[in-house]
Amino acid sequence: MQKEFMLGNEAIARAAAESGVKVVAGYPGTPATEIVDLCGGYPGVYAEWSTNEKHAFEVATAASLTNQRSMAVMKHNGTNAATDFLMHVNFTGIRAGMVLITADDPGGLSSQCEEDTRILVHNYAHLPMFDPSSVQEAYAMTKAAFELSEKTELVFALRPVMRINHAGGMVEYGAAAPQSRPAEFVIDRKRFVMSAVVEKESGGELRPKMRHRWLNAKQDELRALMEASPFNRAEKAPGEVGFIGCGIGYAFLKEAERIHGAKLPILKLSTLPLPEGKVLDFVSGLKKVVVFEEVEPVVEKLIKELCFEHKVVLEVLGRSGYLPKEGELSTNLVLTAVEAALAGKPYPATVQGQYVSARTRTQCSGCSHRGLLVALKEVVRKNGGVVTGDIGCHDAGTFEPMNLQATIYCMGSSIPMAYGIKKAGFDKPVYALIGDSTFFHNGLTGLASAIYNGGDITVVIAYNSTTAMTGFQPHPGSANNLNQPVTPIDPGAVAAAMGAKVFRCNPYNVEETARVIGEATAETGVKVVIAEALCYLKFGREGKISFTPRQVAVDEAVCNGCGLCVRTFGCPAISLADNKAAIEPSGCNGCGVCVSVCKRGAIK
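How each quantity is defined
Residues numbered from 1 in each chain as written. Predicted model: local features only at pLDDT ≥ 70, side-chain atom pairs only at ≥ 80, totals over all residues. Heavy atoms only, no water. Helix = DSSP H or I, 4+ residues; strand = E, 2+ residues; numbered from the N terminus. Contact = heavy atoms within 4.5 Å. Patch = residues over 30% accessible without salt bridge, like charges linked within 9 Å, V, L, I, M, F, W, Y side chains within 5 Å. Areas by Shrake-Rupley, 256 points an atom, 1.4 Å probe, with all protein chains shown as cover. Salt bridge = Lys/Arg side-chain N within 4 Å of Asp/Glu carboxyl O. Buried < 20%, exposed > 50% of the residue type's maximum accessible area, 1.4 Å probe, protein only. Pairing = 2+ DSSP bridges. Axes fitted to C-alpha atoms, helices over the stretch in contact; angles between N-to-C directions.

Trainee: Let's hear about the side chain of Ser-478: which residues, and what values?
Mentor: Relative to the helices and strands, Ser-478 is located in the loop between strand E19 (458–463) and helix H18 (491–498). Aside from chain neighbours lying at most four places away, what touches Ser-478 is Ser-465, Thr-466, Val-486, Thr-487 and Pro-488.

Structure (structure tokens):
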């Protein structure tokens, strides 16, 4: 074994390569994004960015059915998108070992919501899960998941959280072991065709019921595996109050124990299903246990059920009411809870924190989206329209100082919501603002629905040729995939083929962009405006930019200090000093969009 400092995502990718993974597919999403890129760097591993998480899951499953180990990678929002497939592959099972990485983001640090995918993957789909408490354990669990998946013929899921994916630690690891298995696809329609057909061999039962029985029967096997798993263990200590740490909750609990200065009775739980025997043995003789887990009280409720079934009288506390129900765990939170529980007191009421002003969430200096947002805001300011938003860098236009988009939900929701507002009778123009990666992810079907149902909206696609928000991953509109150059799929051509009226503009030209959006608005039906300009942050490094750089400066004799350029534009290079606008040369990339913002002509 060798030892090296790794981030959690590096450890997971390393373990997958050592396990002989052949196919890895995913869609970018913090905190799991790096895993796919890293896997692609190992010899013999095919890695790809699929257009969405459901397709990634399907690609990886197809590889497993072809006798190749595989892995699907996504964040919690992506697991939502893949749930339809999840609720079928759990019934069919798989062949070669397959791992689902479903990374959660407690606190919603890089997400539009916080949620707990253990509920989807385990409680709903009844699939087994590992919940790592350290980078080393993420490595070990990934390797174990491949082995157990192949043994049980079930997808095994790993649920790292942000503090595991992006944490660093020393990891003991072995050698990558590319496997040379024959790529065989053995047809078994009774298993891999999920349909409501009658099974003669099962007395005329419908296939979904038969496969459901198969999945239920697997639960006993899984419980036995988890009972023997080294990832679950008890740490004995005197006392009538015990503490249970799940995943990263165990890491916080151990740190709190060290600060507390005395050994505590601790049960480490990192698997679902639970090791019921270990749980019952641990709680025996205790009067109270506190469960620390991210995000929902999943384990807490399972322990309550277990104790009820076995007539164990015990107070079980956790996320359902004792601890804060929202947000991340922390060492301070866990230490506070430990000391309160030992003292027989409730968890102290949360004190409202004092707001400390932070950096405004906005686009990078030189970003093409800023010009688009300014132009679109100018149009809707005049006509009273509404803009529905989507996921991507452009969503920063929702906040100060732009305050443009009125809604943001999940990937691709902007277009259906826009035409839904019109169908409800709203009599002013409605715009859907969506990025190119999101358009290919889940915007295509929304556009088809809008056209098919006679929508009257303007869809604006911010086409910057990359998935910038997560670190510049390519998508079907890019000139390459993860492995080689490709011919990009033009979203405008796709929209035109679907029947939309298509308009084009360069968002660095604010006047042109506002005019084109206005022209599109005047048309009836579904119109699509392609605001095309390369992402400056990515392509500027390669010497490819979509504007002619110019030196801009403030004419202080003309500037009256109104602050419009700061309050409504949000470029990090512009500030107010001595009641005059000022442009910081080191932060200015010379895109010149700000010239259009100052109506007095003070920026030249």
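Trainee: Break down a nonpolar patch on the surface for me, citing the residues and quoting the values.
Mentor: A contiguous nonpolar patch, built from Phe-5, Leu-7 and Met-170 and spanning about 300 Å² of accessible area, is present on the exposed surface. Relative to the helices and strands, Phe-5 is located in strand E1 (residues 2–7). Exposure remark for Phe-5: the relative accessible area of 53% places this residue in the exposed category.

Trainee: Can you explain the environment of Leu-222? Please cite residues and give values.
Mentor: Position of Leu-222 relative to the elements: it lies in helix H10 (residues 207–228). Here Leu-222 falls in the buried class, since its relative accessible area comes to 0%. Sequence-wise, Leu-222 and Pro-273 are 51 residues apart; in three dimensions their C-alpha atoms are separated by 6.8 Å. Apart from residues no more than four positions distant in its own chain, Leu-222 is found in contact with His-126, Pro-128, Thr-152, Leu-154, Phe-156 and Pro-273.

Trainee: An account of the sheet that holds strand E20 (residues 501–505) is requested, with residue identities and associated values reported.
Mentor: Reading across from one edge, E17-E18-E19-E21-E20 is the order of the five strands in this open sheet, with parallel pairing throughout. The outermost strands of the open sheet, each flanked by one partner alone, are strand E17 (386–388) and E20. On average, each strand axis in the sheet is inclined to that of its neighbour by 25°, with strand direction left out of account. Pairing analysis gives five bridges linking E20 to strand E21 (residues 527–532), with the strands arranged parallel. Of the residues in E21, the one forming a bridge with Cys-505 is Ala-531. Against the sheet, helix H17 (residues 436–452) makes contact with strand E18 (430–435), E19 and E21, and its axis sits at roughly 135° relative to E18, the strand it touches most.

Trainee: Describe helix H1 (residues 8–18), naming the residues involved and giving the relevant values.
Mentor: Most of H1 is tucked away, with 10 of its 11 residues classed as buried. Those residues of H1 that fall on the buried side of the exposure criterion are Gly-8, Asn-9, Ala-11, Ile-12, Ala-13, Arg-14, Ala-15, Ala-16, Ala-17 and Glu-18. Taken from the residues just after H1, Gly-20 is the one with a positive phi, measuring 85°.

Shape is all these values report; function is a separate question.
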